[in-house]
Amino acid sequence: RKKESPNYGETPQYRVLERIPHDANAFTQGLTFLNGNLYEGTGNYGKSQVRQLDPNTGNVIKSINMKDLYFGEGLAHFDGDKLIQVTWREGTGFIYNA
């Protein structure tokens, strides 16, 4: 028997609080907020990065490039101040200190 969800089919409600500039060339694959900073994982072979962004301006504070053979696919924080980035087809993950 299928369990009915009271929210099934409903559109979630949200409100835009603020907009910040963003690099239109970045193929964002992951985004997380940690310790007052915004972290973005980008994808595409030869262009994948993990970036620390200023949440007020969107400016890149620092970035780490992945080797060209990796396509960055996702980014999340865990275990306090660590970031994990996974790859698309390579089946590889990377852990960074935030």
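Residues numbered from 1 in each chain as written. Predicted model: local features only at pLDDT ≥ 70, side-chain atom pairs only at ≥ 80, totals over all residues. Heavy atoms only, no water.

The subject of this paragraph is the overall build of the chain. The number of helices and strands found in the chain is zero helices and seven strands. Listed by position from the N terminus, the elements making up the chain come as β-β-β-β-β-β-β. For the chain, whose C-alpha radius of gyration is 16 Å, the value lies well above the compact-globule estimate of 13 Å for 98 residues. Per-residue burial over the chain gives 29% buried out of 98 residues. Once local pairs closer than 6 in sequence are excluded, the contacts in the chain between residues at least 24 apart make up 33%. Here the chain displays about 7400 Å² of accessible surface, and carbon together with sulfur accounts for 49% of that area. Seen as two clouds, the 11 positive and the 11 negative side-chain charges of the chain have centres 5 Å apart. (Helix = DSSP H or I, 4+ residues; strand = E, 2+ residues; numbered from the N terminus. Rg over C-alpha atoms; globule rule 2.2 N^0.38 Å. Buried < 20%, exposed > 50% of the residue type's maximum accessible area, 1.4 Å probe, protein only. Contact = heavy atoms within 4.5 Å. Areas by Shrake-Rupley, 256 points an atom, 1.4 Å probe, with all protein chains shown as cover. Lys, Arg positive; Asp, Glu negative; His and termini not counted. Charge placed at Lys NZ, Arg CZ, Asp CG, Glu CD.)

One open sheet holds the three strands; their spatial order is E5-E6-E7, and the pairing between them is antiparallel. Edge positions in the sheet fall to strand E5 (72-78) and strand E7 (93-97), since each has one partner strand and no second. Between one strand and the next, the sheet's axes are offset by a mean angle of 20 degrees, whatever the strand orientation. Taken together, the five bridges between strand E6 (residues 82-87) and E7 define a ladder with antiparallel strand orientation. (Pairing = 2+ DSSP bridges. Axes fitted to C-alpha atoms, helices over the stretch in contact; angles between N-to-C directions.)

With that settled, the discussion passes to the pairing of strand E3 (residues 49-53). Taking burial as the measure, the five residues of E3 include five buried ones, the bulk of the element. Alternating positions in E3 separate into two faces, Gln49, Arg51 and Leu53 on one and Val50 and Gln52 on the other, with burial throughout. Strand direction decides the pairing type here: strand E2 (residues 37-42) and E3, joined by five bridges, are antiparallel. Bridge assignment links threonine 42 to a residue of E3, and that residue is glutamine 49.

This paragraph deals with the environment of proline 21. With respect to the element layout, proline 21 can be found in the segment before strand E1 (28-34). Owing to a relative accessible area of 54%, proline 21 belongs among the exposed residues under this scheme.

The subject of this paragraph is the nonpolar core. Leu34, Tyr39, Val50, Met66, Tyr70, Leu75, Leu83 and Tyr96 form the largest nonpolar core, which has eight residues in total. With residues up to four places along the chain from it excluded, the contact list for leucine 83 reads Thr32, Leu34, Tyr39, Val50, Leu75, Ala76, His77, Phe78, Phe94, Ile95, Tyr96 and Ala98. (Core = buried A, V, L, I, M, F, W, Y, C linked by side-chain atoms within 4.5 Å.)

Now for the pattern of salt bridges. Evaluated as defined, the whole model comprises two salt bridges. Salt-bridge contacts for aspartate 23 lead to arginine 51; the nearest nitrogen and oxygen are separated by 3.3 Å. With aspartate 23 in the segment before E1 and arginine 51 in strand E3, this residue pair connects regions lying 28 residues apart in the sequence. For arginine 51, a relative accessible area of 11% puts it in the buried group. Here arginine 51 and glutamate 40 are joined by a salt bridge, their closest N and O atoms 3.7 Å apart. You can see arginine 51 sitting in strand E3 and its partner glutamate 40 sitting in strand E2, a full 11 residues away along the chain. The pair formed by arginine 51 and glutamate 40 is uniform in burial state, with each residue classed as buried. Shared partners join several salt bridges into a network, and the residues in it are Asp23, Glu40 and Arg51. (Salt bridge = Lys/Arg side-chain N within 4 Å of Asp/Glu carboxyl O.)

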